[in-house]
Amino acid sequence: MATARDYRQRQRLRRDRHGRGLRGTLYPASLPAAASRAERFDALVLDALEPIEARWRHELTKLDVAVDDVPEVHEDGRTAVDGVLHDGVVPLSRLVPAGVDRTGLPTRARIVLYRRPLEARAKDPAELADLVHDVLVEQVAGYLGVEPDVIEGD
């Protein structure tokens, strides 16, 4: 004989607590709308880097490009000063020179773009693409020791 408790147990196995059932993904993973903001920003950085890398391929072989959400702030409220591209007091990117890490292993030079400060300064996706391109040009110029106009080929 089935009791009310048995019925509730069977119902719980098939539905969530609101009685709507299990939900699937909103968009299939193959659609662009399924990409997160961070994934779209990463793709934007790669698109902005492609023409620069095509022109300066041999000079940029020892350079990495990375994306962080926000800049690292020390306990006393300051950020690292060397190689940082600022907009007011907020860092937009940083050029980390090649060196040696804490364990004694050599590291490559790296440009780090800060996603959240860059997104906050852009009004729309086109402006964000231009801003990312400009920041990358500035940092690559700083890495190579040339003027930004030389990087863009003007």
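Residues numbered from 1 in each chain as written. Predicted model: local features only at pLDDT ≥ 70, side-chain atom pairs only at ≥ 80, totals over all residues. Heavy atoms only, no water.

**Q** Please set out the packing of helix H2 (residues 37–55) against helix H4 (residues 125–144) residue by residue, giving values where relevant.
**A** Packed helices, taken two at a time, are described by their axes: the angle between them and the distance between them. Interhelical geometry of H2 versus H4 gives an angle of 50° and a closest axis separation of 9 Å. Considered as vectors, H2 and H4 are oriented oblique to each other. As for how H2 packs across H4, the hand of that crossing is right-handed. Of H4, the residues touching H2 (which contributes Phe 41, Leu 44, Val 45, Ala 48, Leu 49 and Ile 52) are Leu 128, Ala 129, Val 132, His 133, Leu 136, Val 137 and Val 140. Tallied by class, residues from the contact of H2 with H4 come to twelve nonpolar, one polar and no charged. (Axes fitted to C-alpha atoms, helices over the stretch in contact; angles between N-to-C directions. Helix = DSSP H or I, 4+ residues; strand = E, 2+ residues; numbered from the N terminus. Parallel < 35°, antiparallel > 145°, perpendicular 65-115°, else oblique. Left-handed = near helix turned anticlockwise from the far one by under 90°. Contact = heavy atoms within 4.5 Å. Nonpolar A, V, L, I, M, F, W, Y, C, P; charged D, E, K, R; others polar.)

**Q** Describe H4, with residues and values.
**A** Here H4 is 20 residues long and its end C-alpha atoms lie 28 Å apart, about the 28 Å a rise of 1.5 Å per residue gives. Residues of H4 that are buried include every one of Leu 128, Leu 131, Val 132, Val 135, Leu 136, Val 137, Gln 139, Val 140 and Ala 141, and no others. Positive backbone phi, approximately 75°, marks Gly 145, located one or two places after H4. (Expected span 1.5 Å × (residues − 1). Buried < 20%, exposed > 50% of the residue type's maximum accessible area, 1.4 Å probe, protein only.)

**Q** I'd like a description of a negative patch on the surface, backed by residues and values.
**A** Taken together, Asp 124, Glu 127, Asp 130, Asp 134, Glu 138, Glu 147, Asp 149 and Glu 152 make up a surface patch of like negative charges. Among the secondary structure elements, those contributing two or more residues to the negative patch are H4 and helix H5 (148–152). With four residues, H4 is the single largest residue contributor to the negative patch. Residue Asp 149 is classed as partly exposed on the basis of its relative accessible area, which comes to 47%. (Patch = residues over 30% accessible without salt bridge, like charges linked within 9 Å, V, L, I, M, F, W, Y side chains within 5 Å. Areas by Shrake-Rupley, 256 points an atom, 1.4 Å probe, with all protein chains shown as cover. Salt bridge = Lys/Arg side-chain N within 4 Å of Asp/Glu carboxyl O. Lys, Arg positive; Asp, Glu negative; His and termini not counted. Charge placed at Lys NZ, Arg CZ, Asp CG, Glu CD.)

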